[in-house]
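Chain by chain, the residues run as shown.
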Amino acid sequence: MNYEFKFIKGRRNTEVFRVPVHDPANVVSHILNEDGNINPDSLSKIELIVGDVIISTETSEIMWKNDVIQIKPSNTKLLSLPKRAHSELVAYNNDEGTTIGHGIVIVVGYG
């Protein structure tokens with residue numbers, strides 16, 4: 001999955017998107033619910049990693065329901081992000097992380 005997230009400093013920004021699940025080899029069936037969506041209870045955390053800044057479910061900046069992810073970074077995190085950077089979206093099942101997307105994060109606004 002490729003993405004481009006755009007956040008504006010000084011605002012409470014939210015990016016909402018779907019994560020499609022294609023698993024013809026039945027490799028990730030153990031983390032899916034009966035509807036074929038990723039079961040958030042089967043994951044320990046989700047992180048958006050932008051350089052050395054981590055936006056995470058552990059800080060309630062990322063929420064997930066079925067195949068929909070909502071990313072809402074704090075203003076503190078937005079202030080520490082570069083104007084444009086490559087990033088990685090990672091889902092964890094206990095200590096094992098799997099990259100589920102790569103993309104660009106763009107931050108505009110103050111400073």
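Model, not experiment: these values are computed from the prediction. (Residues numbered from 1 in each chain as written. Predicted model: local features only at pLDDT ≥ 70, side-chain atom pairs only at ≥ 80, totals over all residues. Heavy atoms only, no water.)

Trainee: Could you give an account of the sheet that holds strand β5 (residues 62–65), naming the residues involved and the relevant values?
Mentor: Across the sheet, which stays open at both edges, the three strands sit in the order β2-β6-β5 with antiparallel pairing between neighbours. If you trace the sheet from one side to the other, it starts and ends with β2 (15–18) and β5, each paired once. Strand-to-strand twist in this sheet, taken as the mean axis angle between neighbours without regard to direction, amounts to 15°. Where β2 meets strand β6 (residues 68–71), four bridges bridge the pair, whose relative direction is antiparallel. Looking at β6, one finds that phenylalanine 17 is bridged to isoleucine 69. (Pairing = 2+ DSSP bridges. Helix = DSSP H or I, 4+ residues; strand = E, 2+ residues; numbered from the N terminus. Axes fitted to C-alpha atoms, helices over the stretch in contact; angles between N-to-C directions.)

Trainee: Can you explain the packing of aromatic side chains? Please cite residues and give values.
Mentor: The relative placement of two aromatic rings is captured by the distance of their centres and the angle of their planes. All told, the structure shown has three aromatic pairs when counted by the stated rule. On the basis of an interplanar angle of 50° and a centroid distance of 6.4 Å, the ring pair of phenylalanine 5 and phenylalanine 7 is categorised as tilted. Here phenylalanine 5 and phenylalanine 7 have matching classes, each one buried. Each ring, one from phenylalanine 5 and one from phenylalanine 17, has its centre 5.1 Å from the other, and the planes form 35°; the classification is tilted. Placement of phenylalanine 5 in strand β1 (residues 2–8) and of phenylalanine 17 in strand β2 is noted, with a sequence separation of 12 residues between them. Judged by relative accessible area, which is 2%, phenylalanine 5 ranks as buried. On the accessibility criterion, phenylalanine 17 (14% relative accessible area) is buried. These aromatic residues form a ring-pair network of at least three members: Tyr3, Phe5, Phe7 and Phe17. The ring of tyrosine 92 is capped by lysine 45, whose NZ or CZ atom sits 4.7 Å from the centre of that ring. (Phe/Tyr/Trp six-rings, centres within 6.5 Å; stacked < 30°, edge-to-face > 60°. Buried < 20%, exposed > 50% of the residue type's maximum accessible area, 1.4 Å probe, protein only. Lys NZ or Arg CZ within 6 Å of the ring centre and 35° of its normal.)

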